[in-house]
Amino acid sequence: MDLTRTGDPEMADGPLGARQHARLAAAIATAVGGWLGANAWFPGHGQRVAGAAVRRFLRVYGSRPAADNAGGSRFNACAWLFVLTRLIAPRLIIESGTHRGQSAWLFRQAAPDARILTFDITHQALSHRQPGIDYRLGDWSDADLPPVDADTSLGFFDDHVDQARRVREAWARGLRWLVFDDNLPAHLLFVTGRPPAPTISMLFDPSLRDGERLAWTRRGRPRSIDVDQEAWAEARRLIAHWSVLPDLAPATGCRPQTGLTVVRLADRPR
Ligand SMILES: C[S@@+](CC[C@H](N)C(=O)[O-])C[C@H]1O[C@@H](n2cnc3c(N)ncnc32)[C@H](O)[C@@H]1O
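Cut-offs used in this document
- Residues numbered from 1 in each chain as written.
- Predicted model: local features only at pLDDT ≥ 70, side-chain atom pairs only at ≥ 80, totals over all residues.
- Heavy atoms only, no water.
- Helix = DSSP H or I, 4+ residues; strand = E, 2+ residues; numbered from the N terminus.
- Rg over C-alpha atoms; globule rule 2.2 N^0.38 Å.
- Buried < 20%, exposed > 50% of the residue type's maximum accessible area, 1.4 Å probe, protein only.
- Contact = heavy atoms within 4.5 Å.
- Areas by Shrake-Rupley, 256 points an atom, 1.4 Å probe, with all protein chains shown as cover.
- Lys, Arg positive; Asp, Glu negative; His and termini not counted.
- Charge placed at Lys NZ, Arg CZ, Asp CG, Glu CD.
- Axes fitted to C-alpha atoms, helices over the stretch in contact; angles between N-to-C directions.
- Left-handed = near helix turned anticlockwise from the far one by under 90°.
- Nonpolar A, V, L, I, M, F, W, Y, C, P; charged D, E, K, R; others polar.
- 1 Å grid on protein atoms, 1.4 Å probe; cavity = no way out; pocket = protein on both sides within 12 Å on 5 of 7 lines; lining within 4 Å.
- Points joined across faces, edges and corners; volume = space filled by probe spheres on them.
- Near = heavy atom within 4 Å.
- Polar contact = N/O pair within 3.5 Å; in protein donor to acceptor, adjacent residues only side chain to side chain.
- Sits in = over half its atoms within 2 Å of the grid points.
- Phe/Tyr/Trp six-rings, centres within 6.5 Å; stacked < 30°, edge-to-face > 60°.
- Lys NZ or Arg CZ within 6 Å of the ring centre and 35° of its normal.

This part is about the overall build of the protein. Tallying secondary structure elements over the protein gives 8 helices and 9 strands in all. A compact globule built from 270 residues should have a C-alpha radius of gyration of about 18 Å, and the protein, at 18 Å, falls within 12% of that. By residue count, 53% of the 270 residues in the protein fall in the buried class. Of all intrachain contacts in the protein linking residues separated by at least 6 positions in sequence, the fraction that spans at least 24 positions is 64%. Carbon and sulfur atoms make up 50% of the accessible area of the protein, which amounts to about 12,400 Å² in all. Across the protein, the centroid of the 34 positively charged side chains sits 5 Å from that of the 29 negatively charged ones.

Here it is, written out as structure tokens:
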């Protein structure tokens, strides 16, 4: 029952008792179940798969390669990524944004038989290479990919690149299930150095007027992006459904991150 690792400021630095471990699993499963119940993404056996996935996640998380994956997916994000992967059951996973290799490792735990490709423009931070995972240097849009089946392939974009661009690229390459990190609303673009704007939320924000300049300051540097509804419309038409996953912090006590968003692309532009 040891999901702790020395050196992780989020976690206790020793094993949880069995009943405490079970309580934590139940609290996460309840939070995940609330989202599943409120959304029709995974009808039928979704609750059962998610409950088992949470229990499995807590068994594997203790062997994560990076004790403290600062700058990448930590406990709450990893829990959601693991559960979603079990729910979607992909045979092909394409990740953009490898960083240390933690989320790629997690995908392997959640989908032992899937083919996994992970892209990054630098391998300077890459500290864990999992056997069987294809680590690619460069942007995914330049790469040759294996055949993509719409229903059994998953794209995870955690690369701080314009999310409208990623939607268009993913759709053209046949992906339909996507997960995005850092889907920030327009008023929170200042929370990260390179916000992936326009984000999914911004594409659907009725308050953003065409031509409006969104301006903010980050570490003393003025930053801005101009709203271009005509350019953004193409990505918007490719999105059938999207949902921001609720943060698990109230259930886990681990610090909130910018949160994950699941997206289902349309088979045809709307
Ligand atoms: C937040 S980190 C990824 C964290 C990782 N997914 C995890 O959860 O452990 C973002 C990464 O995106 C990478 N990145 C930046 N531009 C990119 C691009 N065009 N394609 C792929 N990765 C890119 C950065 O080098 C960085 O390693």
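This part is about the packing of helix H1 (residues 18-38) against helix H2 (residues 46-60). Axis separation between H1 and H2 bottoms out at 9 Å; the angle between their running directions is 145 degrees. Classified by chirality, the crossing of H2 by H1 is right-handed. On H2, the residues touching His21, Leu24, Ala25, Ile28, Ala29, Val32, Gly33, Leu36 and Gly37 of H1 are Gly46, Gln47, Ala50, Val54, Arg55 and Leu58. When its residues are assigned to classes, the contact of H1 with H2 shows 9 nonpolar, 5 polar and 1 charged.

Throughout the structure, instances matching the rule amount to 1 cavity of 30 Å³ or more. Its boundaries defined by the atoms lining it, the largest cavity holds a volume of some 70 Å³. With 3 residues, helix H3 (residues 75-88) is the largest single contributor of residues to the lining of the largest cavity. Residue composition of the lining of the largest cavity, grouped by class: 6 nonpolar, 3 polar and 1 charged.

For the largest pocket, the calculated volume is near 610 Å³. If you go around the largest pocket, you meet 31 residues; those closest to its centre are Gly71, Gly97, Asp158, Asp159 and His160. Split into classes, the residues belonging to the lining of the largest pocket amount to 5 nonpolar, 17 polar and 9 charged.

So, about the site of the ligand. In the neighbourhood of the ligand, 22 residues make up the surrounding shell, with Ser73, Gly97, Ser103, Asp120 and Asp139 lying closest. In the model, an oxygen atom of the ligand is placed 2.6 Å from a nitrogen or oxygen of the Ser73 side chain. Note that a nitrogen atom of the ligand is positioned 2.7 Å from one of the backbone N or O atoms of Gly97. For the ligand, whose free accessible area comes to 610 Å², the fraction covered by protein is 90%. Here the ligand occupies the largest pocket. Of all the elements in the fold, those that place two or more residues in the shell around the ligand are strand E1 (92-96), helix H4 (102-110) and strand E2 (115-120). Here the shell around the ligand is composed, by residue class, of 3 nonpolar, 12 polar and 7 charged.

With that out of the way, let us pick up the packing of aromatic side chains. Taken as a whole and judged by the stated rule, the model has 13 aromatic pairs. Ring geometry for Trp35 versus Trp80: centroids 5.5 Å apart, planes at 80 degrees, classification edge-to-face. Pair noted here: Trp35 is in helix H1 and Trp80 is in helix H3, with a separation of 45 residues, a long-range link. You'll find Trp35 and Trp80 in the same group, each marked buried. Among the aromatic residues, those joined into a cluster by ring pairs are Trp35, Trp41, Phe42, Trp80 and Trp177. In this structure, Arg173 is placed above the aromatic ring of Trp140, and the distance from its NZ or CZ to the ring centre is 5.1 Å. Lying across the ring of Trp177, Arg264 places its NZ or CZ 4.9 Å from the centre.

Without other data, these values stay purely geometric and don't point to any function.
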